[in-house]
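Residue-level listing of the chains:
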Amino acid sequence: MRLNRVVYGDVTTLDLLSVILIFLVAVILAKGLTIYLRRSLKEKVSKDKLQIISKAIYYGILGIAVLASFPILGINPSGLLVAGGIFGIIIGFASQSIVGNLISGVFLMMERPIKIGNSVRIGEYSGMVEDIRVISTSLRTWDGIYVRIPNEKVFTDSIINYVAHVARRFGYMVGIRYSDDADKAISIIKNLIEDHPMALKNPPPQVFVDNLGDNAVNIVVRMWTPAKEWYGLKMEMLWKIKKALEKEGIEIAFPQRTVWFANEPDTREAADSS
Amino acid sequence: MKTNADQSSPRSLDKEQGQQRTYSKAGSFYGRHNLPVSLSREGFSISIDQVGDTWLYQRECDGDRVEKKLLTSINMVLINPVEPLNRPKEITSYLLVEFERPLMIEPGVKRRIFVTFPIEIGVFMSSKRGFEIIDILTMQKQKFTLYGNPRTGVICKYWKSSIHATEPQVDPIRQGVMRLNVSNVSDHWVEVTRAVFNAFGMKLFYSTDLVAMKATMKILGKYMAETDFSNSPLRKDMTNSLELYTSRKLIVTAPKFIMEQGI
């Protein structure tokens, strides 16, 4: 094979091979550098920032490789701008949804309502953000299912980010019997919350009698927790509260109805007098 | 119910003095040890014993038992206090010390006070590349809190301390002493109820009977202050601890903390 054979214009086979070599070197360099950065910064930088840094470096190196190959291929960048403009209009009309997703992706990266690793709900999907790419965002649902959502949908749909704020509150309603001491129950619950490291000291927890229900004295229990830890605490605390209350002789009330029969007046009188 | 307030109040002083004989041997606890090693204190024990060609690390602390097999050629372990932000889970790099009584400080005044902080003990194994952490344990009750509001605030490790005019006597396995230089550069009397510190600036030192840090708190206004650490020991005979956060620090990581959501 003759390396100086002209392929088109002034571009020879050697030029094409040089461009391929530049791209190969660029890809290897970009991959190597991103792997090195991921390893060395893994413990120092958050996952989402690391993804952005490594992607910027990866595509930056590839971009430089593309620019470096232009003169070899005899391409004039200023001419490209005009051609690119026209090409862009054509592509824009032909693929509106892709461009829409791309622009939404850029805005998502700028506004950053979600980050990689966040627990979110986007429209009908709930899960953890696995990746935010230019065209789409991928989630891993709580069942471990992969969901790819186009960025246009992410951008226009309502987003609930469960961990955007550092702390969040959750609560329970605990119903105890009318015969039990509500003050004692409140004290037991407060002690349990105080003893748990993930139940925040401040804002302080709230434990109070919320209402006198049909079958129980209803105690509201509210506590704040680090946003990333709330589910573990929520799973743990309710059963702990139930066990702690029962240990002290306070029982969780259950719905009951007393029925008096009209033909049993003696029984009713006896019950009333007791 | 246990409380994490420091035990250096006058009420508990007798008890501490009684315990001092026990924990005055902390110097033989912290530092480098050749394997095999077996160390125990009230409430916990650490041992590394040879089992065949490998080493078995065993630790028991407050009923929590950990066992790990170690494959190592360098038979040395380092035990020293680390930043108290790793247990039960590393979720923040900030420590909030709440004062038992508020501190009122006059404008333009500089004062030196002493507060306590919780101790977490790091167990490091030696390797050709330095030391690597293999376990962290603590004897203190753990609690977190929020400094500021949920949107702009930060989660902090929580600790309640009395304010002391002189160095308090504490068990170095459980509590450390922080010398805090408080200066009020504002034009008002200021009430200080808490101080928040960034772990990336912490510099821990230990000796036979003390674990200590030196920090500063510059009060900039009624609701704002700046905290920082000093890289020098409280006493000359103290050894610098091998910290966890300092090794992870990037050039861009600021070791100071600006308390702008209230003091």
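Residues numbered from 1 in each chain as written. Chains lettered and ligands numbered in written order. Predicted model: local features only at pLDDT ≥ 70, side-chain atom pairs only at ≥ 80, totals over all residues.

1. Let's talk about the overall build of chain A
Each helix and strand in chain A was counted, giving eight helices and ten strands. Within chain A, buried positions represent 20% of all 274 residues. A separation threshold of at least 6 residues defines the contact pool for chain A, and within that pool the share at least 24 residues apart is 62%. (Helix = DSSP H or I, 4+ residues; strand = E, 2+ residues; numbered from the N terminus. Buried ≥ 20, exposed ≤ 12 C-beta atoms within 10 Å, placed from the backbone. Contact = placed C-beta atoms within 7 Å.)

2. Quick word on the overall build of chain B
Counting its secondary structure elements, chain B contains three helices and 19 strands. Among the 263 residues that make up chain B, the fraction classed as buried is 37%. Of the contacts formed within chain B by residues at least 6 apart in sequence, a portion of 74% connects residues at least 24 apart.

3. Describing the pairing of strand β4 (residues 125–132) of chain A
Two faces, one strand: in a regular strand the side chains alternate between the faces of the sheet. All names here are of chain A. By the bridge criterion, four bridges tie strand β3 (residues 119–122) to β4 in an arrangement that is antiparallel. Bridge pairing links Val120 to Gly127 in β4. Two elements, β4 and strand β5 (residues 136–141), share five bridges in a ladder whose sense is antiparallel. Looking across to β5, one finds that Ile132 is bridged to Thr137. Here β4 folds back onto β5, and the loop between the two strands holds three residues. (Pairing = 2+ DSSP bridges.)

4. A closer look at the sheet that holds strand β12 (residues 154–161) of chain B
Residue and element names in this part refer to chain B. Read from one edge of the open sheet, four strands run β11-β12-β7-β14, paired in mixed fashion. Every interior strand has two partners, whereas the edge strands, β11 (144–147) and β14 (190–198), have only one. Direction aside, the axes of adjacent strands within the sheet are offset by 45° on average. In this sheet, β12 lies alongside β11 in antiparallel orientation, the contact comprising four bridges. (Axes fitted to C-alpha atoms, helices over the stretch in contact; angles between N-to-C directions.)

5. Digging into the confidence of the model for chain B
Residues and elements named next belong to chain B. Residue-level pLDDT values for chain B average 84, and 86% of them are 70 or greater. Every residue in residues 1–26 is under pLDDT 50, and counting partners more than four places away or in other chains gives 39 contacts. Across the interface, the model reports ipTM at 0.82; the global pTM reads 0.76. (pLDDT = per-residue confidence, 0-100.)

6. Overview of unusual backbone geometry
Here the bond from Asn202(A) into Pro203(A) is cis, since omega is -5°, no more than 30 degrees from zero. Of note, Pro203(A) is situated in the loop between α6 (182–195) and β9 (206–212).

7. Quick word on the interface of chain B and chain A
Listed per partner, the contact involves 16 residues of chain B and 19 residues of chain A. Broken down by secondary-structure element, the contributors of at least two residues to the side of chain B that touches chain A are β11 and β12 of chain B. When the residues that make up the side of chain B that touches chain A are grouped by side-chain class, the tally is ten nonpolar, three polar and three charged. (Nonpolar A, V, L, I, M, F, W, Y, C, P; charged D, E, K, R; others polar.)

8. A word on the packing of α6(A) against helix α7 (residues 230–247) of chain A
Helices that pack against each other are described as a pair by the angle of their axes relative to one another and the distance between those axes. Residues and elements named next belong to chain A. Relative orientation of the contacting elements α6 and α7 amounts to 135°, with a least axis distance of 10 Å. In terms of orientation, α6 and α7 fall into the oblique class. Relative to α7, α6 is oriented so that their crossing is right-handed. Across from Ala185, Ile188, Ile189 and Leu192 in α6, the residues of α7 making contact are Lys240, Ile241, Ala244 and Leu245. (Parallel < 35°, antiparallel > 145°, perpendicular 65-115°, else oblique. Left-handed = near helix turned anticlockwise from the far one by under 90°.)

9. A word on the domain arrangement of chain A
One frequently used descriptor of interface size is the decrease in accessible area upon assembly of the parts. In terms of domain boundaries, chain A breaks down into domain 1 (6–75), domain 2 (108–161) and domain 3 (167–247). Spacing between the C-alpha centres of domain 1 of chain A and domain 2 of chain A amounts to 28 Å. (Domains from an automatic or database assignment.)

10. Observations regarding the sheet that holds strand β6 (residues 146–150) of chain A
All names here are of chain A. With antiparallel pairing, the five strands of this open sheet are ordered in space as β6-β5-β4-β3-β7. At either margin of the open sheet sits one strand with a lone partner, and together these are β6 and β7 (159–161). Sheet twist, expressed as the average angle between the axes of neighbouring strands with direction ignored, equals 40°. Pairing geometry for β5 and β6, over five bridges, is antiparallel. Bridge pairing in β6 links Ser138 to Arg148.

11. Focus: the nonpolar core
Within the largest apolar cluster, 87 residues are counted, with the highest numbers of intra-cluster contacts made by Tyr94(B), Leu95(B), Cys156(B) and Val196(B). Apart from the residues within four sequence positions on either side, Tyr94(B) is in contact with Tyr147(B), Val154(B), Cys156(B), Lys157(B), Val196(B), Phe197(B), Asn198(B), Ala199(B) and Phe257(B). Ranked by size, the runner-up nonpolar core spans nine residues in total, among them Leu108(A), Val129(A), Ile132(A) and Val154(A). (Core = buried A, V, L, I, M, F, W, Y, C linked by C-beta atoms within 7 Å.)

12. Some words on the environment of Gly108(B)
Along the chain, Gly108(B) turns up in the loop between β7 (94–105) and β8 (110–118). For the pair Gly108(B) and Ile219(B), spaced 111 residues apart in sequence, the C-alpha separation works out to 9.6 Å.

13. Some remarks on the confidence of the model for chain A
Overall, the predicted model of chain A reaches an average pLDDT of 85, with 90% of residues at or above 70. Considering each helix and strand of chain A separately, the mean pLDDT is smallest for helix α8 (residues 265–273) of chain A, with a value of 61, and largest for strand β10 (residues 217–226) of chain A, with 96.

14. Some remarks on the packing of helix α1 (residues 13–41) of chain A against helix α2 (residues 47–72) of chain A
Residues and elements named next belong to chain A. For the pair α1 and α2, interaxial distance at closest approach is 9 Å and the crossing angle is 165°. Taken together, α1 and α2 sit at an angle that is classed as roughly antiparallel. When the axes of α1 and α2 are compared, the crossing they make is right-handed. Looking at the contact of α1 with α2 residue by residue, the classes come out as 18 nonpolar, four polar and two charged.

15. Re the pairing of β10(A)
All names here are of chain A. Burial analysis of β10 places seven of its ten residues in the buried class, which makes it a mostly covered element. Of the strand pairs in this sheet, β9 and β10 are connected by six bridges, and their pairing is antiparallel. In the strand pairing of β10, Val207 is matched with Val221. Between β9 and β10, which pair antiparallel in sequence order, lie four residues.

16. A short note on the environment of Arg174(B)
Residue and element names in this part refer to chain B. Along the chain, Arg174 turns up in the loop between β12 and β13 (175–184). Remark: the alpha-carbon pair of Arg174 and Ile119, spanning 55 residues in sequence, is separated by 5.1 Å. Apart from the residues within four sequence positions on either side, Arg174 is in contact with Ile119, Met139 and Gln140.

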